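Per-entry structural report
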Amino acid sequence: MVKQLVLLGLLSAMLPNLSGAQEREPRLVAGIRSALATAPMTLSGLDPAFDDLAPDGPEGPHMSGFFLMYALKPYLRVGVETLVASSDKDQVTTMNYQAAGPVVEFRYGRTWYVSAGVHGGGLIVNAMARQGAAPSQGASTGAFFKGDGAFLAPYVDVGRRVRGYEVGVFAKQVNVFGEKSRGGISDFSATFLGLRLAASPRG
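Residues numbered from 1 in each chain as written. Predicted model: local features only at pLDDT ≥ 70, side-chain atom pairs only at ≥ 80, totals over all residues. Heavy atoms only, no water.

**Focus: the overall build of the protein**
Under the convention used in this document: Every helix listed is a DSSP run of H or I at least four residues long, and every strand listed is a run of E at least two residues long, numbered separately from the N terminus. Accessibility here uses a 1.4 Å probe with only protein chains present; expressed as a share of the type maximum, an area under 20% marks a residue as buried, one over 50% as exposed, and anything in between as partly exposed. The Shrake-Rupley method, run with a 1.4 Å probe sphere, supplies the accessible areas, and residue values consider only the shown protein chains as cover.
Each helix and strand counted, the protein has 1 helix and 8 strands in total. Reading the protein from its N terminus to its C terminus gives the helix and strand order α-β-β-β-β-β-β-β-β. Evaluated residue by residue, the protein yields a buried proportion of 36% over its 203 residues. Accessible surface for the protein amounts to roughly 11,600 Å². Of this, 62% is attributable to carbon and sulfur atoms.

Below you can see the structure in the form of structure tokens.
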């Protein structure tokens, strides 16, 4: 009986520590981003053949991304993320770029949270300006630009976490640079505003 009481006492003393350790245990978080541009993309700076792209919803520049992050601490996450941006294919001037790279994020709050992070890496960009009306079939003729470089994209996110799921609103400033010998590609830079959805396998 005495041994059982001692054992129960030891277990009772250890439970708070075990619970705390479980809360601090790193976990994986996977999710997606989807957003629309909030300011013009000044592609006319690349060449007069290109028009600037206005932030007119789905017809303007928009972006999406997939991320996988690891929570080192309750307030710190690191991982990798993709970034794909494009514009409506029926516009006279169109663009797209594909990018990926590491991301670091700092967070505050549990149920309601605010986070800030930086995403960076390499990317490939291209833009096309069609000449005349779009053909009913076949290829279009026009001006074309393609380049590669790097990007740095700070962002902020505000959202809510419920049972292992996260829903948030974020703003992301994508700063593009590279190809200095061809005049640079900074005109692909843009600010995006959209939704972020994520889930943790551990809940």
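So that's the structure; there's more coming.
**A look at unusual backbone geometry**
The backbone of Arg163 shows a phi angle near 50°, a positive value even though the residue is not glycine. As for its position among the elements, Arg163 is in the loop between β6 (142-162) and β7 (165-177).

**As for the nonpolar core**
Just so we agree on the cut-off: The set of buried Ala, Val, Leu, Ile, Met, Phe, Trp, Tyr and Cys residues whose side-chain atoms join them within 4.5 Å is what this entry labels a nonpolar core. Contacts between residues were defined by any pair of non-hydrogen atoms, one from each residue, lying within 4.5 Å.
One finds Met41, Leu43, Met95, Tyr97, Val174, Phe188 and Phe192 to be the most contacted residues of the largest nonpolar core, which totals 27 residues. If you list the elements that add at least two residues to this core, you get β1 (28-37), β3 (76-86), β4 (93-108), β5 (112-130), β6, β7 and β8 (190-199). For this core, the leading source of residues is β5, giving 4 residues. In this structure, Tyr97 is in contact with Met41, Leu83, Val84, Ala85, Leu123, Ile124, Val125, Val174, Phe188 and Phe192, ignoring residues within four places of it in sequence. Judged by nonpolar contacts, the second largest core, of 6 residues, contains Phe67, Met69, Tyr155 and Ala198.

**Notes on the sheet that holds β7**
We apply this condition: At least two DSSP bridges between two strands are required for those strands to pair. Between N-to-C directions, angles cover 0 to 180 degrees, with each direction set by a line fitted to C-alpha atoms, over the stretch in contact for helices.
On the basis of which strands lie adjacent, the closed barrel formed by 8 strands has the order β1-β2-β3-β4-β5-β6-β7-β8 and antiparallel pairing. Along the sheet, successive strands turn relative to each other by an average axial angle of 25°, direction set aside. Sheet topology note: the β5/β6 ladder contains 19 bridges and is antiparallel. Residue pairing across strands places Gly121 opposite Phe151, the latter belonging to β6.

**Remarks on the packing of aromatic side chains**
Quick reminder of the rule: Pairing of aromatic side chains requires ring centres within 6.5 Å, counting the rings of Phe and Tyr and the six-membered ring of Trp. Pairs whose planes differ by under 30 degrees are stacked, by over 60 edge-to-face, and all others tilted.
Applying the stated criterion across every chain yields a total of 2 aromatic pairs. Ring centres 6.4 Å apart and planes at 80° place the aromatic pair Tyr97 and Phe188 in the edge-to-face group. Of this pair, Tyr97 sits in strand β4 while Phe188 sits in the loop between β7 and β8, and the two are 91 residues apart along the sequence. Assigned by exposure class, Tyr97 and Phe188 land together as buried. Connected via pairs of aromatic rings, a cluster forms that spans Tyr97, Phe145 and Phe188.

**What to know about the environment of Val162**
Residue position: Val162 is located in strand β6. The sequence separation of Val162 and Thr111 amounts to 51 residues, and the corresponding C-alpha distance is 6.7 Å.

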